Every structure is written in structure tokens, then in C-alpha cells.
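Below, each chain spelled out in residue letters.
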Amino acid sequence: MAVYKRNYTAYTGAVTPVWTRVLVLARYAFEEAWASKVTVGLFIFCMLPCLVSLLGIYLANNPLARTLIGDHSGRTIAIDARFFLKVLQVQSWLALVVASWIAPRLITFDLADNALPILLSHPISRFGYVFGKFIALFGSLSFVTWIPCLLLFLYQGYSSPVPWTASNVRIAAGMFAGSIIWIAFLSILGLALSSWVKWRVVATGVIFASVFVPAGVGAIVSAVLRTRWGLLLNVPVMMSNLWQRLLGAPSPINENLSMPTGAIAIMLALACCVCLGMLNKRIRAREVVRG
Amino acid sequence: MGIIDLQGLEVRLANRTVLNGLTGELRGQAIGLLGPNGAGKSTLINTLLGFHLPSKGTARVFGMDTHKDRARIRGGIGYMPENDSFIGNMSGVRFVRYMAELAGLSSEAALERAHEALFYVGLGEVRYRKVSTYSLGMKQLVKLAQALAHGPKLLILDEPTNGLDPVARLRMIQLIKDIRKEGSIRLLISSHLLRDIDETCDEVLILKGGRIASLCNIEEERRSNRSFMELETVGATERFTVSIRGLGCECATFPGGRIKLVIPDNIEARDLYVIASEQGVQIRRMNQRRDSLEDIFLRAMDNDPGRTANGSL
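Residues numbered from 1 in each chain as written. Chains lettered and ligands numbered in written order. Predicted model: local features only at pLDDT ≥ 70, side-chain atom pairs only at ≥ 80, totals over all residues.

Lay out the overall build of chain A in plain terms, naming residues and giving numbers.
Secondary structure assignment for chain A yields 12 helices and 0 strands. Put simply, chain A runs from its N terminus to its C terminus through helices and strands in the order α-α-α-α-α-α-α-α-α-α-α-α. Structurally, chain A occupies a C-alpha span of about 80 × 55 × 30 Å along its principal axes. Here chain A holds 291 residues, and 39% of them are scored as buried. Considering only residue pairs separated by 6 or more positions, chain A has 76% of its internal contacts joining residues 24 or more positions apart. (Helix = DSSP H or I, 4+ residues; strand = E, 2+ residues; numbered from the N terminus. Buried ≥ 20, exposed ≤ 12 C-beta atoms within 10 Å, placed from the backbone. Contact = placed C-beta atoms within 7 Å.)

Have a look at this one:
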């Protein structure tokens, strides 16, 4: 307790523009996400495949290093679209792990303590609230997807003795676009599911389940109805199709598992719409009790 | 111009009319919002904050429409909700700073104001503790601190003494009085405790069934309400009655020497004793009272909804 009485004084200083309040939310959410040691541990874990890929690129471009490690076979790792597709796939699935850990931290703390009435009584809209959290999650996932992927691409361009970069720009564009689509989808999905589950551990499980359980359902649908459209519920297959086409890599999967790009885009858009509907229903300052 | 201006405000939620044609202008420094459960107090507050869209009519705060200008209005409002509402895993100072930044303060100013606000409400020593570890009274105070930190023009307090023990309640009431006395903040206090409103407010809006049952200035109402007195006398009651009528009192006599009086402001009990002494009348018992907020509230509850004491409809 203060030893002397304090008086209230009105604030007379400058006020920040309204649009910057979203960035305040994003900054606090980002700090909240990265305050956890588990997040830092996950990030380090996500960098391990990148280090292995970096080593691969180094060896592929450095015959002397290959000789020094005793590789006299003369075979080199091909650094091409297929290589970067593998890198992107690994990083993207690691991003799912990171998203399922971070997303519940961003939303459930607010919901568990009923903080929305206070948060939304400030000059911030419901859209602004979700967008601020989205920025934080999207930014965090960027550190494990397109940023390391493009850094590896740049290193390959730097290390390659031939003018490799100019002829492979599509790979970089494909990795960037593929990562952006995936982490945007993951961010919306993670926030929507977290907003409906108050317990963080359960929310983490639900996010994983939402990606893999529909794949099983889709397989059953395909088997029962003897159709391949059940694959539209299989997120891993859909995304593999999309990434392969964006990078221009030869198809690594069975032709029977191929889906039209338009159908994949529509399915992702539909999933995002459902998630936005869930957020719209849940992120409210007040619940209206019906009846 | 009033702080809050309601023009035929109607709010429907889940196909139910919760606020029905509210019209009135609230001008007081501290406005009390009274009413039984389900009267629409919280709905009115939520509408003023822009959480609910009016189905008819308008509500204005500082002349701005609560729906169209909600961002600007919220920038000038500090809101302390009724129920628990905080971020439990944040420290008190971080939580208040976060809210101040959302209200528009720069990061540095928000930190400074957060410390000041927490010291002001008496949580200075525990400001680095997580909010989830606070007691109920502390949680109420941290909600008040976050509502104050950005220097609002209007402070909305929804049941501020809810769940507080008598000491914590007195402290909260004293804080509200201090804020009111400082003068830069208008207050809107919702409570079902008449005593809280009586001690802190100068204007009261009483809601009943989603309508305005009464809208009045408590001070003016008290001043205009006459003093009532009941006497039990022995002696020449008739003559005594004539004499006190001569002072300007309204009297009614009853068997057994009982007299009921309505006395003007300039007449004191001493004057009655003087007359009684001159006329040899004994005053055995004297009860004097003025209208309290309770009387105003009970009268409003008895009245048909839609009538106001000092407001327009």
C-alpha cells in the first residue's frame, strides 16, 4: 500500500491512430506466444530440418567438402524443385505443430477469464481483435515456413556456380505462395478452433484432429462411394498437390491422388469461411441468451 | 448537451424487446442506473458501448451515435464490467498497460499511467503479481484501474461493489467519490444497491421492464421533497393545529392527539416546540423524515412504466 494518498489525474497526452490498435493486439499476442519456453524449443526443433537441408546444399555445391567427408561416388544431391518441395513439406507440417501450440495460447487465455468485454470495450472491433491475433500467429509461423525456405533458396543461388537463381525463380515464388496459403489457412483454423475450446491442451489436440480426422473420413467416403472426391477432405493430399504444382515439381504422389487445383482452392476457401463463421459466433463482447 | 441522450431507444435481443422506447437526457456528474434484475441496465450499458445495435431510436454519448461512432466513443470511455473480466496470466501492471495501449496511449505513456492507476486504486504493492492470484476485491480494483488508466471522459461502472466485503466496499465507494470530486470524469454507475447510488450519484435513471420508470436529479428531488413529521400530542390540539397552520404547515389531525404535518424548509422542530410551550401542549413523540432514494425507487416501481419525474418521454 502506498504510504501517501495519490490523486487521480486526467491524461492529457497524445493518442495513437485507431488503426494502430490492431498492432498493439498483435504485439501482445506475439509476446504471449513467444514467452513460452515450449515455443522456443519448438522453433529450434523446426530449424533442424533446415540445417540438414543447408548442409545438403553446401555439399551439393562443394566437391572438395564431399571429398573431405569421404564421398568419392561422384553422385550429388540434385538441388531442384523436388528438393525444395521436400523442404517445404517438412517445414509446413512442422508449422502445424507450432500452430497447434501457439493458437490456443492467443485466444483461450482471453476466453477463460472472460476478457472479451473489457478488450472490446476499447476502440477495437471484433474483426480487429481477430486480425491482431492472426497477424501474431501468421508471423510466428512465417519463421518456420517461407522465411527459412527462401533463405535456403538464396543460399543455393549464392552457392551455385551456374546462374541458377534466375532459371529457378518459380521455385522461390511457389514456396512463398504455398507457405502463405498454408499458414494463412492454419492461422484461421487454429484461431477458430481455439475460440471454441477453453482448455489449451484440448484445443491443441482438436487442431491436429481437424487436419487428420477428415482425411480418414474422406478415405471412407472414397472407398464406399468409389470416388476420388473424398480426397477433398484430405488436407495433406490436397496441400501436397497444391505445393507440387506451385513449385513445378514432378508429381511425387500417385496419379489417383491428384485433384484439380480449382477444387482444392474451393475446398480451402470453404474451410476458411466455416472458420470465419465460427469466429464470428464466438468472438463477442456479450452472449445473447435465447429463449 | 447531456452526456447521454436517448431518443426512443429500443433494443431487441433474441426476438425479445429488452429496452423499450427509452427517451431522456442524462446530464449529471455521476449518474446512477437502478432497476430490478432484468430491467435492462446491462443492456443499456452494452448499447452505449456499441455492443448492441438499437432496433429503433438512437442513443448518443457526448453527442455521438453509439453505433456509427462507437470507436470514438469507446476511446473516451472507461468500462468496468460486472463479472470477472481480465487476463489472468498477465501481471496487474501489464494488464492495465495493455488496456491503456488499446485505448490509444503510447507504450511508454501506458506503462506510466498503469503504475499510477494501480497505485491510485491501492494495488501498487501487488502490481507485479498475476491477476489470477488476486482476491475478488483486488480483481474489482484492477478492473477499475484499467478503466481509469487512459483518462476517460466517461467511466461506466457495472455493479462496482459486487461481491466486496464491507471494508472493500467502503474503499470502492470512497474511490468513486474521489473520482467524482476530481471533476474531469463523468460517471455512470449501475447497481442494484440503493445505498451505493445514494452515496455516489447526483442523478438517477430507474429502469423497470425495459422502460424508464424514473429519471431524476437526486439532489433536486430531495430538496423539492417536503419534510414529513408525525406528532403525538396531549392538550389543546385544535388550537395548536391552527397556530402551526399559521406558520405555513399543512396539517391533518387524527384521534388521540396525533397530527401529521408537511413542513416548509424554513420551519424547524424548535418552532413547533415554542408554540406548544406557549399553548401548554405536550409533544410526546416527534418523527421527522425526508424522501430517501429508497422512496424515489419504490415510488418509481409502483408507477406505471413510462412516467418520469424529471425527464421527457
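Summarise the interface of chain B and chain A; cite the residues concerned and give the values.
Every contact between the two is made by 41 residues of chain B and, on the other side, 31 residues of chain A. Looking at the side of chain B that touches chain A, the elements with two or more residues in it are helix 2 (70-75), strand 6 (77-80), helix 3 (92-103), helix 4 (107-121), helix 5 (136-148) and helix 6 (166-182) of chain B. Sort the elements by how many residues they give to the side of chain B that touches chain A and helix 3 of chain B lands first, with 5 residues. For the side of chain B that touches chain A, the class distribution of residues is 20 nonpolar, 14 polar and 7 charged. (Nonpolar A, V, L, I, M, F, W, Y, C, P; charged D, E, K, R; others polar.)

Now, about the confidence of the model for chain A: what can you tell me, with residues and values included?
Overall, the predicted model of chain A reaches an average pLDDT of 90, with 95% of residues at or above 70. The lowest-confidence element of chain A is helix 3 (residues 63-68) of chain A, averaging 83 in pLDDT; the highest-confidence one is helix 6 (residues 126-142) of chain A, averaging 97. (pLDDT = per-residue confidence, 0-100.)

Now, about the domain arrangement of chain B: what can you tell me, with residues and values included?
One can read the domain layout of chain B as domain 1 (4-222 + 296-302) and domain 2 (227-288). Between the C-alpha centres of domain 1 of chain B and domain 2 of chain B there is a distance of 46 Å. (Domains from an automatic or database assignment.)

Account for the environment of Leu148 of chain B, naming residues and giving values.
Counting through the fold element by element, Leu148 of chain B comes out in helix 5. Given 26 C-beta atoms within 10 Å, Leu148 of chain B falls into the buried group. Along the primary structure Leu148 of chain B and Glu116 of chain B are separated by 32 residues, whereas in three dimensions their C-alpha atoms are 9.8 Å apart. Filtering out sequence-adjacent residues up to four positions away, Leu148 of chain B remains in contact with Tyr8 of chain A together with Gly78, Ala117, Tyr120 and Leu155 of chain B.

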